[in-house]
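What follows is the residue order along each chain.
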Amino acid sequence: MADLANNYDQQASHNGRGIDEISRVIEILKDANIISCVVGGKALLYYGVHRIPTDWHVCVPNNQFLDASTIFTHLGDTYEPGPKILPQLKSLLHTYPRFKQKGVKFSFYIMPASEYFVTDLHGDMIERSRNNIPYPKLEHFAQSLVNTQRWAELAQLVDGMDLDEEWGGAHLNLDKPSPAETEYVATKNKKIKSSCDEFPGTDPRLATLTEKPVNRMKKWQSIVQTKESRIGPHLPKERYVTQFRRKGSQDPRLREDSAV
């Protein structure tokens, strides 16, 4: 019945983008002294990736995750629980609380920093869009995609920002994973495997991160060296440097018509 009810919900603000709604979510967290930033598909959109994600993914410090979740649970007049989803690759998204704003086509997740970051979330890791929405700074977001082995998303980020080998060498840790990073992967895999017990028929091995050594420098080089090959046949390669960027185009974060 919840999905049927959505047919009668009004469109979110800014032509369905939900800028006003997510701003209110961020403000509610700020009032509770909880810093936050938007990750996932909306962050990729901020960095120039052409995609239409639906839910907003809001990341908070690990030790404030339960408090942040409880805040929206108690705001029952405005927000209601969203439907659960199936396990996702290399993610615990299906275990985090999902909320929907009543009467509006707008939904979001609250998740701990550990979903993306090996270290916790800190204010100096965040920048704000033209719409004043907080996002992880480019180097922190890119590093999070490396550490969590989200290679497809990393390739999209490279194409959205037209990043090159030198940028990665200067801003990312592409060396052998540190003991903290190795422990992070092992811990996350345990949580993923445990969470899959609630979904009969799900093979947790398909959802976990690889614990085998990954040459991250070679992975990065492969991604940035194949930017042109990802330009679709419908786009003239003489006008595009990546699948998302025209030659001479400005930083997508600076566009006045920014969607996020």
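Look a little higher up for the structure.
Residues numbered from 1 in each chain as written. Predicted model: local features only at pLDDT ≥ 70, side-chain atom pairs only at ≥ 80, totals over all residues. Heavy atoms only, no water.

Visitor: Tell me what's going on with the sheet that holds strand β2 (residues 56–60), and back it up with residues and numbers.
Guide: The strand order across the open sheet formed by 5 strands is β1-β2-β5-β4-β3, and the pairing between neighbours is mixed. Edge strands, defined here as strands with exactly one partner in the open sheet, are β1 (37–39) and β3 (79–81). With strand direction ignored, the average angle separating the axes of adjacent strands in the sheet is 35°. With 3 bridges connecting them, β1 and β2 associate as antiparallel partners. Of the residues in β2, the one forming a bridge with V38 is V58. The sheet contacts of helix α3 (residues 19–31) involve β1, β2, β3, β4 (98–101) and β5 (107–112), and relative to β2 the element is tilted by about 15°. (Pairing = 2+ DSSP bridges. Helix = DSSP H or I, 4+ residues; strand = E, 2+ residues; numbered from the N terminus. Axes fitted to C-alpha atoms, helices over the stretch in contact; angles between N-to-C directions. Contact = heavy atoms within 4.5 Å.)

Visitor: Hey, could you go over the packing of aromatic side chains for me, with residue numbers and the actual values?
Guide: The final tally for this structure, using the stated rule, is 13 aromatic pairs. Arranged with centres 5.1 Å apart and planes meeting at 75°, the rings of F72 and F108 form a pair that is edge-to-face. Of this pair, F72 sits in helix α5 (residues 65–74) while F108 sits in strand β5, placing them 36 residues apart in sequence. Judged on exposure class, the residue F72 and its partner F108 are both buried. If you follow R150 out to its NZ or CZ, it ends over the ring of Y116, 4.0 Å from the centre. (Phe/Tyr/Trp six-rings, centres within 6.5 Å; stacked < 30°, edge-to-face > 60°. Buried < 20%, exposed > 50% of the residue type's maximum accessible area, 1.4 Å probe, protein only. Lys NZ or Arg CZ within 6 Å of the ring centre and 35° of its normal.)

Visitor: Would you mind going over the packing of α3 against α5 in detail, with residue names and values included?
Guide: Running from N to C, α3 and α5 cross one another at 120°; their axes reach a closest spacing of 11 Å. Relative to α5, the element α3 is oriented oblique. In this structure, α3 crosses over α5, and the sense of that crossing is right-handed. Counted together, V25, I28 and L29 of α3 and A68, I71 and F72 of α5 form the full contact between these two elements. (Parallel < 35°, antiparallel > 145°, perpendicular 65-115°, else oblique. Left-handed = near helix turned anticlockwise from the far one by under 90°.)

Visitor: Outline the packing of helix α7 (residues 151–161) against helix α10 (residues 216–225), supporting the account with residue identities and numerical values.
Guide: Contact pair α7 / α10: the axes reach a minimum separation of 9 Å and the direction vectors enclose 50°. Taken together, the axes of α7 and α10 are oblique relative to one another. In this structure, the crossing between α7 and α10 has a hand that is right-handed. Judged by residue contacts, W151, L154, A155 and V158 of α7 engage K219, W220, I223 and V224 from α10. Residues of the contact of α7 with α10, tallied by class, amount to 7 nonpolar, no polar and 1 charged. (Nonpolar A, V, L, I, M, F, W, Y, C, P; charged D, E, K, R; others polar.)

Visitor: Quick one: what's the story with α5, residue by residue and with numbers?
Guide: Of all the positions in α5, only F65, A68, S69 and F72 are classed as buried. Axial view of α5: buried residues confined to an arc of 95°, hence all on one face. Facing away from the buried side of α5, by more than 90 degrees, are the exposed residues L66 and H74. Against α3, β2, β3, β4 and β5 lie the buried residues of α5. (Arc of directions from axis to C-beta.)

Visitor: Break down the environment of T202 for me, with residues and values.
Guide: With respect to the helices and strands, the residue T202 is situated in the loop between α9 (179–195) and α10. With 132 residues separating them along the chain, T202 and T70 place their C-alpha atoms 29 Å apart. Ignoring any residue separated from it by four or fewer positions in sequence, one finds T202 in contact with P87 and C196. For T202, the side chain forms a polar contact with the main-chain oxygen of F199, separated by 3.1 Å. (Polar contact = N/O pair within 3.5 Å; in protein donor to acceptor, adjacent residues only side chain to side chain.)

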